[in-house]
Amino acid sequence: MKLQLIGLSHKTAPLEVRECLAPPPEAVPGELHRLVALPGVREAVMVSTCNRVEVLAATEDQADQAELIGWLCSGRGQAPELIGEHLYRYQGADAVRHLFRVASSLDSMVVGEPQILGQIKEAYRTATDAGTTRTVLNRLLHKTFQVAKRVRSETNIGGAAVSISFAAVELAKKIFDSLEGLSALVVGAGEMAELAVEHLMAQGVSKVQVANRTLERAVELAQGWGGHAISLEDLGAVLGDVDIVIASTGSPQAVITAKMARKALKARRGRPLFFIDIAVPRDVESAVGELDGCYLYDIDDLTSVVEANRAGRAVEAGQAERIVAEEVVKFMTWLAGLDAVPTISALAAKAEEIRTAEVARTLKDLSELSPDEIAALDRLTQALVKKLVHDPIMFIKGASHGKSPDTLRQQLALVRRIFNLEENGGK
Amino acid sequence: MSTTLHWITLAAYVLGSLISLGFLVRQRQGLYRMGLALLWLGFGLHTLALAAAWVEGGVLPATSLRQSLDVFSWALMGAVLVVNLRLEVKILGALAGPICVLLMLAASVLPVVPSVKTAAFKSAWIIVHVISIMAGYGLLALTFLGGVLYLTQDRALRAKKMGPVFRRLPSLGRLDSLNQASLLAGFLLMTIGLISGAVYAQMALGSYWRWDPKEVWALITWLLYAALLHTRLVQGWRGRRGAWFSVAAFAVLVITFLGAGLLMPGYHSFSSMSGFGGLRP
């Protein structure tokens, strides 16, 4: 059993590449089914957020990573070679470490932001609903949640960071000075957009309007913030009145065009307009950011906010890395222990096979035995075999406790060679 | 007396500027307060120095380039400190401080021209004229600095780097308030200065307007600032366009202030001022 992880994130790939790799949420279960249909792939989970696309798979030992990459790239209008340079590929302990780090928000744009854990939980739920997780990934993902929780409670990495929301507030303050009495417009709904709005409101933004494809959702959100809902068609008219726009729709085309922004600017008489575009693909035309009085930040631009914060969190992150390293070893030991199970059963099966064969041969020669005597012979051989294999089995089981995965692997290989179990081992 | 005060003022400005620059680099609030206090101290001394020069010379100390630069630096520092009371643009000390130091140093090396003690320079109208114009110039220079800061911060925001410039410069909103306040006050004072000058000219020279080069340039400057104010208040030119406009308008103001005083002949020029007796037909 091998763990494989391939993916790309804000650190390795520009927004343009992430945009085309991220599947729409409703397509994820189908993608997962397609993935586990590949030869050697047993379990799979796919994490797709605006900052990263990752695929985690538990595969047969000999499964080829190139197939996974081919799958990830297929049907997305991008050649694997083109995407390849942006991809990271991890196996075994490295894959586990990467997953733990991502979930603990050590790999996030804003280190310590809490949203990523929720996004991984969501991805796991999707995978379990699709039926593409079993023993290994179930265990791994649950462990991941525990690790993230442990990092959060034992370090101060969460501090003040709240990623997009944090960045949005910081930027808005440099544009408007005070956010007191400003009004915000949310286009599209999403967890990140909601968080951003709540932070802006905490800083004094007093009026919120919500535009959404489905009006019910817009009304629901708007009620929560004491604002009101508008339809997407009225977007252009509303732009003249609001100060901050947070866009996060799933629309494949831009919802806010340069033409709309230009018209809005006229009505605003020089008051600036701040766009926060957290949608992937982007919702606001990039030309908007060049207009006098318009400031546009997309998800990649927000990365820079982090740089300022990162220094202070380095210490906490170091501590978190230690927790992650410790948990990786624990998990890999468990995973290697999982490898011991087939060896044990193979050993037991082989012993039983020899015994039954030998008993059958002996009984052929001793034809005059009574059924009682045959049963006694059977018991005798069973006891013999059981006692003989008991110690090796205990040795294997003992090896999977408190030994490093590498040592365990070596010892298992040795046991297999001694008992000549090679062919049955992988099953 | 006024010379001694001049040098003490300069010392306070130099120290205040250095500490303000230190604040710019290190961003320690203590440095900001210390720098600001020193600049205030310097401004007080500066005011005393100018008052002493006025008493000693008998006329308003603005009859030569040397004195004009001195008064201009006083006006700029005053504008910065007073506007800062309300808007607190912390970076201004590090910016305006060195400018005032340079202006005062330039004033120090220029030749001393004996002031003219004619009755023409003692009229209340000319006192109002000179003080309003100089205070207006100081405020409009602040508008220029605000415009430059605005353009810099606008660029930093668009560069999306959030680097040291981004963090040190004030918000666009605050710079906008600074620009608007200094522009309004500066324009008002300049208007008062021009009107009082015209009234004085009528009394002293018999006509309100004589097409002296300085008068023409002042009119051009005034019209430009009127246009700047109009586009800002009516058309909403507050962003980059407004900032560029205020930079351009200030360039014309410098021509009016220095060019018309030094290069162009006329009764406003510094060279003719020493010989100006007024009341000529």
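No experiment lies behind these values; they were computed from the predicted model shown. Residue positions are given per chain, counting from 1 as you read along its sequence in written order. Written order determines the labels here, with chains lettered from A and ligands numbered from 1. The predicted nature of this model means local features are confined to residues of pLDDT at least 70 and side-chain atom pairs, given and counted, to a pLDDT of 80 or more, with totals for whole chains, interfaces and linings taken over all residues. No hydrogens and no water enter the side-chain calculation; it runs on all heavy atoms of the structure.

## Regarding helix 5 (residues 124-159) of chain B
All names here are of chain B.
Then, in step 1: Secondary structure counts use DSSP, requiring at least four H or I residues in a row for a helix and at least two E residues in a row for a strand, with both numbered from the N terminus. The span expected for a helix works out to 1.5 Å for each residue beyond the first. With 36 residues, helix 5 should cover 52 Å at 1.5 Å per step; its first-to-last C-alpha distance of 52 Å lies within 8% of that length.
Then, in step 2: Whether a residue is buried, partly exposed or exposed follows from its accessible area with a 1.4 Å probe, protein chains only, as a fraction of its type maximum: under 20%, in between, or over 50%, in that order. For helix 5, the tally of buried residues reaches 26 of 36 residues, placing the bulk of the element in the interior.
Then, in step 3: Any pair of N or O atoms that falls within 3.5 Å is considered a polar contact. Within protein, one atom must be able to donate a hydrogen and the other to accept it, and sequence-neighbouring residues count only if both atoms are side-chain atoms. You can read the cap of helix 5 off the contacts: a side-chain oxygen lies 3.0 Å from the backbone nitrogen of Trp 125, and it is on Ser 123.
Then, in step 4: Of the residues one or two after helix 5, Lys 160 is the one with positive phi, at around 60°.

## Comments concerning a nonpolar patch on the surface
Residues and elements named next belong to chain B.
Then, in step 1: Together, Tyr 208, Trp 209, Trp 211, Leu 219 and Leu 223 make up an exposed nonpolar region whose accessible area comes to about 560 Å².
Then, in step 2: Mapping Trp 211 onto the fold places it in the loop between helix 7 (172-205) and helix 8 (213-235).
Then, in step 3: Residue classification places Trp 211 among the exposed residues on the basis of a relative accessible area of 62%. Surface patches are defined over residues having more than 30% relative accessible area and no salt bridge, joining like charges when they lie within 9 Å and nonpolar side chains (Val, Leu, Ile, Met, Phe, Trp, Tyr) when within 5 Å. In short, Shrake-Rupley with a 1.4 Å probe defines the accessible areas, and a residue's cover is counted only from the protein chains shown. The term salt bridge refers to a pairing of a side-chain nitrogen on Lys or Arg with a carboxyl oxygen on Asp or Glu at a separation within 4 Å.

## Considerations on the domain arrangement of chain A
Then, in step 1: Residue ranges for the domains originate in an automatic or database domain assignment. Assigned domains of chain A: these are domain 1 (2-160), domain 2 (163-306) and domain 3 (335-425).
Then, in step 2: Look at where the C-alpha atoms of domain 1 of chain A and domain 2 of chain A centre, and you get two points 29 Å apart.

## Concerning empty space enclosed by the protein
In this approach, a probe sized like a water molecule rolls over the atoms, and the result shows the empty space that is left.
Residues and elements named next belong to chain B.
Then, in step 1: The definitions used throughout rest on a 1 Å grid laid over the protein atoms alone, on which a cavity is an enclosed set of points accommodating a 1.4 Å probe that cannot get out and a pocket is an open set flanked by protein within 12 Å on both sides along at least five of seven lines; lining residues are those having an atom within 4 Å of a point. Grid points are joined across faces, edges and corners, and a volume is the space filled by probe spheres set on the points. Across all of its chains, the model carries 5 cavities of 30 Å³ or more by this definition.
Then, in step 2: Quantified by volume, the second largest cavity comes out at close to 80 Å³.
Then, in step 3: Lining the second largest cavity are 13 residues, with Tyr 32, Leu 36, Lys 90, Leu 92 and Gly 93 sitting closest to its centre.
Then, in step 4: Looking at the lining of the second largest cavity, the elements that each hand over two or more residues are helix 1 (2-26), helix 2 (29-57), helix 3 (65-87) and helix 4 (92-109).
Then, in step 5: Each residue gets one of three labels, nonpolar for Ala, Val, Leu, Ile, Met, Phe, Trp, Tyr, Cys and Pro, charged for Asp, Glu, Lys and Arg, and polar for the others, Gly among them. When the residues that make up the lining of the second largest cavity are grouped by side-chain class, the tally is 9 nonpolar, 3 polar and 1 charged.

## Concerning the nonpolar core
Then, in step 1: For this analysis, a nonpolar core means a set of buried residues of the types Ala, Val, Leu, Ile, Met, Phe, Trp, Tyr and Cys, connected via side-chain atoms within 4.5 Å. Ranked by size, the top nonpolar core spans 104 residues in total, and within it A:Ile244, A:Ile246, A:Phe274 and B:Tyr225 carry the most contacts.
Then, in step 2: Structurally, this core is a two-domain feature, drawing no fewer than three residues from each of domain 1 (2-160) and domain 2 (163-306) of chain A.
Then, in step 3: By size, the runner-up hydrophobic cluster in this structure holds 60 residues, among which are A:Leu56, A:Leu87, A:Ala123 and A:Phe331.

## Comments concerning the sheet that holds strand 1 (residues 2-9) of chain A
Residue and element names in this part refer to chain A.
Then, in step 1: Two strands are counted as paired when DSSP detects at least two bridges linking them. The antiparallel open sheet is built from 4 strands, whose spatial order is 2-3-1-4. Of all strands in the sheet, those with a lone pairing partner are strand 2 (41-48) and strand 4 (88-91), marking the two edges. If you compare each strand with its neighbour and ignore which way they point, the axes differ by 15° on average.
Then, in step 2: Against the sheet, helix 5 (residues 92-103) engages strand 1, strand 3 (52-59) and strand 4, with an angle of about 115° to strand 4.
Then, in step 3: Helix 7 (residues 135-154) contacts strand 1, strand 2 and strand 3 of the sheet and is inclined by roughly 35° relative to strand 2. Orientation is described by axes fitted as lines to C-alpha atoms, over the contacting stretch for helices, and by angles from 0 to 180 degrees between their N-to-C directions. Between two residues, a contact is recorded if the distance between any of their heavy atoms is within 4.5 Å.

## Here we look at the interface of chain B and chain A
Then, in step 1: The interface of chain B with chain A comprises 23 residues on the first partner and 21 residues on the second.
Then, in step 2: Using a 1.4 Å probe, buried area is obtained as the accessible area two parts lose upon being combined, added over both of them. With both sides pooled, the region where chain B packs onto chain A buries about 1,800 Å², and carbon together with sulfur makes up 47% of that total.
Then, in step 3: Run the count over chain B and chain A and you get 4 salt bridges.
Then, in step 4: A salt bridge links A:Asp177 to B:Arg174; the nearest nitrogen and oxygen atoms lie 3.0 Å apart.
Then, in step 5: Broken down by secondary-structure element, the contributors of at least two residues to the side of chain B that touches chain A are helix 5, helix 6 (164-168), helix 7, helix 8 and helix 9 (240-262) of chain B.

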